[in-house]
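Given next are the chains, with one letter for each unit.
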Amino acid sequence: MCVAWVALASGFAQQPPLAKDPGPFLQPGDFPEDKVPTAVAGPAPHLPDGRPDFGGNGAWYPGFNGNLAETTWKGVKSADKHVDVPFLPWTLTTYNERVENRAKDDPEAKCLPVGVPRFMFDPYPFQMIQTRNQVVFVFEGDNYLWRIVNIDATGTHPKNLKPTWLGDAVGHYEGDTLVVDVTGFNGLAWLDQAGHATSDKLHLTERYTRADSLTLKYEVTIDDPEAYAKPWTASNTIHWRPGMELMESICQEDEKSSMHMIGK
Amino acid sequence: MKYCFLFCALGVMHAQDLGSDGVWLPAHVADLASKTDVPFQAWAKLKFETNHAMQRNDLDLRCLPPGVPRIMLMARPFEIVQTPNRILFVYEGGAHVWRQVWLDGRAHPKDPNPNWLGHSIGHWEGDTLVVDSVGFNDRTWLDDAGHPHTEQLHVIEKYSRTGRLTMKYDVVIDDPGAYTQSWTSNSSLTFRPGGKLAEDICLDSPANGTLPR
């Protein structure tokens, strides 16, 4: 009983409403994914030693998923499921500001790294190259980045990590799923284009499962005690584009746009 | 026991294995032409002298990719990821970019879109990886010193692993737009077993904030 009163008194019941979806910026049919011929899915491939195979002749394309807690955002399909995000007051305020000022301070627009998990919700194709002891992610955008996941069943991160945009990632295979534990973030990247914020206490658990030859199921648990009242989980379905190769994309080339992003 | 240092350092190595368990550290070569007379065309000599005097024009300082071969001359670690049909170079320095070399027998595209890292195809000649690259834009410098090039730049790189911890790097610069004939240079790399790449985001470094744009 006492707990309920404390919760009410501390404002959970009266927290300000979420900022509204800004609405479509492209019409259905204008997105690249709407123009790709459909291929027929086969079973998920495996490497000779039985590990799931996340590669092949092609690339993964997440599509534009602007909000990892909403199923539609800006007029198109977004994350796989809606999440009632357990905001702390400052992350709710920050989120609302970012949505309402049209993401004018988005670090990605300044060619800074998209970050994790946003890379799995942004429209940049990527590939996963598996070696014995690593999974190397290479991305076409935002600035032609790479990300390395070290495979280590003990799940141990180095001590005294320097805070970074992409964090320190340690992975292991659980059957057909690659599980990646990520920590050591600098708290500057946004979780998505909408603007879900994080702190440098962010700890992610990512799960990659190739459900069939054309489908990658991505699930991420966001555990950040300084930003959210409890861990929450977002998910996305990422599609395989047979034959797609990555092009070099250097955001920083002639970057003159972000200074004109003034919001409203 | 006293030979252990030698043998342990040599380890067991296949020469076409470019190191899957560590990182490579190139020697810093500021001037690719320190050991050679460069067959400049007149404009390229002038451009080189201008670049050399105006280091603030160096786009590497604006966090743009250093290009080839400069990215191999910067004394920043990188990792080589080998797959049967493609080799990836993953660089800590420069702009946190990567580069791919196709080994699947394909040719260069007929009219490649000029870019920072070019289009690269490779093959093995014995234990030497030969990488042939075209399709560059003309905005990068070949080295810190400021040797220029045009979109006609054609680079041939040869990577020869000479020991567990050593690699020889030979490069041919062929650019009929800037030089009267092709010219060569070389460098060396050292392997760091067990080494890992750090994250270095140039645009996020304090020094970058002081640059004029």
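See the structure shown above.
Bear in mind that the values here come from a model prediction, so they are computed numbers and not experimental data.

Okay, the overall build of chain B next. Looking only at helices and strands, chain B has 2 helices and 9 strands in total. The C-alpha radius of gyration computed for chain B amounts to 18 Å, which stays within 12% of the reference 17 Å derived for 213 residues, consistent with globular compactness. C-alpha extents for chain B along the principal axes are approximately 60 × 40 × 30 Å. Looking at the 213 residues of chain B, the share that counts as buried comes to 36%. Of the contacts formed within chain B by residues at least 6 apart in sequence, a portion of 57% connects residues at least 24 apart.

On to the nonpolar core, then. F126 and V138 of chain A together with L88, V90 and W98 of chain B are the most contacted members of the largest nonpolar core, which has 104 residues in total. Top element by residues in this core is strand β3 (residues 86-91) of chain B. It accounts for 5 residues. Excluding its chain neighbours within four sequence positions, the residues that come into contact with L88 of chain B are I129, V136 and V138 of chain A together with V81, W98 and Q100 of chain B.

A word on the interface of chain B and chain A. Between chain B and chain A, the contact holds 21 residues from the first and 20 residues from the second. Looking at the side of chain B that touches chain A, the elements that each hand over two or more residues are β2 (78-83) and β3 of chain B. Within the side of chain B that touches chain A, the residues separate by chemical class into 14 nonpolar, 4 polar and 3 charged.

Take the environment of Q181 of chain B next. Take Q181 of chain B: it is sitting in the loop between β8 (166-174) and β9 (183-193). Along the chain, Q181 of chain B and M74 of chain B lie 107 residues apart, while their C-alpha atoms are 25 Å from each other.

Conventions used here
Residues numbered from 1 in each chain as written. Chains lettered and ligands numbered in written order. Predicted model: local features only at pLDDT ≥ 70, side-chain atom pairs only at ≥ 80, totals over all residues. Helix = DSSP H or I, 4+ residues; strand = E, 2+ residues; numbered from the N terminus. Rg over C-alpha atoms; globule rule 2.2 N^0.38 Å. Buried ≥ 20, exposed ≤ 12 C-beta atoms within 10 Å, placed from the backbone. Contact = placed C-beta atoms within 7 Å. Core = buried A, V, L, I, M, F, W, Y, C linked by C-beta atoms within 7 Å. Nonpolar A, V, L, I, M, F, W, Y, C, P; charged D, E, K, R; others polar.

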